[in-house]
Structures are given as structure tokens and as C-alpha cells.
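Here are the chains, one letter per residue:
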Amino acid sequence: MSSEELAPINEQDLKDLKERMKLIVDADPKQYQNEFSLRRYLRAFKTTDDAFQAILKTNKWRESYGVDKLVDMDRSHMEKKARVLRHRDCIGRPVIYIPAKNHSSERDIDELTRFIVYNLEEACKKCFEEVTDRLCIVFDLAEFSTSCMDYQLVQNLIWLLGKHFPERLGVCLIINSPTLFSTVWPAIRVLLDDNTAKKVKFVADEVELCQYLIPDILPTDM
């Protein structure tokens, strides 16, 4: 687990995308994306045209959604639903920890989705992009029951990662998974493309978890 394998991109496509973005950024500096971001969009969307359109859509979404203002939202009643950890995983990726037991379908889905976007943003800010620009998301299924399963939130997270945080997911660790979850997983798996599904790892025990992160970094107060 000492390094990540990144799909190669066509350097001419990157050059073309930079030239297109320069025309846009010269007119509107808020549209700026650094080279790491351009590479992520090319990996995710394959062609210069599709990557360019996806960037414009994300920039428009960020403005209309008020992403930069989410830091000011009241998060006090949701702090046990997700957290960006202080420590990183074994290859330097920021870690978002999500304890399933603290979730249910009894919530304001729009508010909770904004909170998830806030966590994604904060984790991305912690990336040392020269080392890695990807994230580690940990779903802790300890004390999981079907009442904890929030399908809409999972769908929203998958959509966000695919459309507006492309290629940000490095690995998704499923820990403390009970047998019951095997009845739920197929409904989630069909929502994932093959590239994303490959990043989901069911971690059997603490020894296996140590391949990805030091178990002691996981919270005990959630």
C-alpha cells in the first residue's frame, strides 16, 4: 500500500485542456483549476471535451450550491455522522470517517448532504497534492442495522464523487461489517461503476486494516 496506481492520461489532451481553460480563466479567474485537478477530470471523463464540460458544470454547481460558504453552516448536531480525521492513512491520504450506527433515514437529507460536501471539501484541502490528491473514506459498520441504512445519502455521495469530486476517492474501507450487510451491499454495488467498485475494500480484521491505516487513528467518541 505504499503507492497509488493512477491511470495514464494523454499529455496532448492535457495541453489542449489547459489551453481551453486559460481562455475561460482569463475572462473569469474563479474558474481556475490547477494541473492536478485537470488530470483528475481527464482520468474521469476520458476526453478533453467531456473533461472541459464537466469542469464548467462543477464550477457552476459549486457557486450555486454555496460550497465555499459551507464552513459557516451549523454542524453541531451532525458531528457524530462524519469527521475528517487529524491523521492520514499509510500513503498520506486524508481520512473521512463515517460511523453507520449514527445514521438513519430520519434526517434532513439536504442538510446532511451539505455536511458531507463540507467534509469532502475539508479533506481535499488537507491533500498534499504532490504526494497524493486522493482521499480515504472509512465506513465503520459496527452496531449496523437496517435502520442505519440511508440509501439516499449513499446515492448522493456516489453522485458527488462521480460528478464534482472526480478521481478524489483513493480507497473506501468497509470495517466491522456484519453478515447482515451482505444483504444490503448488492443494492449499493449496482450504483457503482467498475472503477469505483475496485476501490471498495472489505477489511476483515485489524491486521488487514493496518495495510491501509493505523487503527489507533480511528475515533472512539462517535
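Remember, predicted model here, so these are calculated numbers, not experimental data. (Residues numbered from 1 in each chain as written. Predicted model: local features only at pLDDT ≥ 70, side-chain atom pairs only at ≥ 80, totals over all residues. Heavy atoms only, no water.)

Peer 1: What should I look at first to understand the layout of surface pockets in this one?
Peer 2: Leftover empty space is mapped by rolling, across the atoms, a probe with the size of a water molecule. Put simply, the second largest pocket is a space of about 690 Å³. Considering the residues around the second largest pocket, the lining is formed by 27 residues, among which Tyr32, Gln33, Asn59, Arg62 and Glu121 are closest to the centre. Within the residue set of the lining of the second largest pocket, elements represented by two or more residues are helix 2 (35-45), helix 3 (48-65) and helix 4 (109-125). Broken down by element, the residue count for the lining of the second largest pocket peaks at five residues, all from helix 3. Of the residues contributing to the lining of the second largest pocket, the split by class is seven nonpolar, eight polar and twelve charged. (1 Å grid on protein atoms, 1.4 Å probe; cavity = no way out; pocket = protein on both sides within 12 Å on 5 of 7 lines; lining within 4 Å. Points joined across faces, edges and corners; volume = space filled by probe spheres on them. Helix = DSSP H or I, 4+ residues; strand = E, 2+ residues; numbered from the N terminus. Nonpolar A, V, L, I, M, F, W, Y, C, P; charged D, E, K, R; others polar.)

Peer 1: Would you mind going over the sheet that holds strand 3 (residues 135-140) with me for this structure?
Peer 2: Paired through their backbone hydrogen bonds, the strands of a sheet run either parallel or antiparallel. Taken in spatial order, the five strands make up an open sheet running 1-2-3-4-5, and their pairing is mixed. In this open sheet, the two edge strands, each paired with only one partner strand, are strand 1 (83-88) and strand 5 (200-202). This sheet shows a mean twist of 25 degrees between the axes of neighbouring strands, independent of strand direction. (Pairing = 2+ DSSP bridges. Axes fitted to C-alpha atoms, helices over the stretch in contact; angles between N-to-C directions.)

Peer 1: I'm lost on empty space enclosed by the protein in this one. Help?
Peer 2: Within the structure shown, the criterion is met by one cavity of 30 Å³ or more. Space inside the largest cavity adds up to approximately 30 Å³. Lining the largest cavity are Ile96, Ile98, Ile116, Asn119, Leu120, Ile137 and Leu157. A total of three residues in the lining of the largest cavity trace back to one element, the largest contributor, which is helix 4. Among the residues making up the lining of the largest cavity, the classes are represented as six nonpolar, one polar and no charged.

Peer 1: What exactly am I supposed to notice about the nonpolar core here?
Peer 2: Generally speaking, a soluble globular protein has its nonpolar side chains buried in company with each other. The biggest cluster of nonpolar side chains holds 41 residues, and the ones touching the most others in it are Leu120, Phe139, Phe144 and Phe165. Secondary-structure elements contributing two or more residues to this core are strand 2 (94-99), helix 4, strand 3, helix 5 (151-163) and strand 4 (169-175). Ranked by residue count, the leading element in this core is helix 4, at nine residues. In contact with leucine 120, other than residues within four places in its own chain, are Ile96, Leu135, Leu157, Leu160, Leu161 and Phe165. Among the nonpolar cores identified, the runner-up in size contains 15 residues, and Tyr97, Cys136, Ile217 and Met222 belong to it. (Core = buried A, V, L, I, M, F, W, Y, C linked by side-chain atoms within 4.5 Å. Buried < 20%, exposed > 50% of the residue type's maximum accessible area, 1.4 Å probe, protein only. Contact = heavy atoms within 4.5 Å.)

Peer 1: Sorry if this is basic, but what is going on with the domain arrangement of the protein chain here?
Peer 2: Interface size is commonly expressed as the accessible area that is lost once the parts come together. Split by domain assignment, the protein chain resolves into domain 1 (11-65) and domain 2 (75-217). Relative to domain 2, the C-alpha centre of domain 1 lies at a distance of 26 Å. Every contact between the two is made by twelve residues of domain 1 and, on the other side, 17 residues of domain 2. Counting the surface lost from both domain 1 and domain 2, the interface buries some 1,200 Å², and carbon and sulfur atoms represent 57% of this. On the domain 1 side of the contact with domain 2, Arg40, Trp61 and Tyr65 bury the most area, a combined 47% of that side's loss. Along the contact surface separating domain 1 from domain 2 lie three salt bridges. Between arginine 40 and aspartate 133 there is a salt bridge, with the nearest N and O atoms lying 2.9 Å from each other. Between domain 1 and domain 2 we count seven residue pairs in polar contact (both at pLDDT 80 or more) in total. Among the elements that make up the side of domain 1 that touches domain 2, the one with the highest residue count is helix 2 (six residues). Residues of the side of domain 1 that touches domain 2, tallied by class, amount to six nonpolar, two polar and four charged. (Domains from an automatic or database assignment. Buried area = accessible area lost by both parts, 1.4 Å probe. Salt bridge = Lys/Arg side-chain N within 4 Å of Asp/Glu carboxyl O. Polar contact = N/O pair within 3.5 Å; in protein donor to acceptor, adjacent residues only side chain to side chain.)

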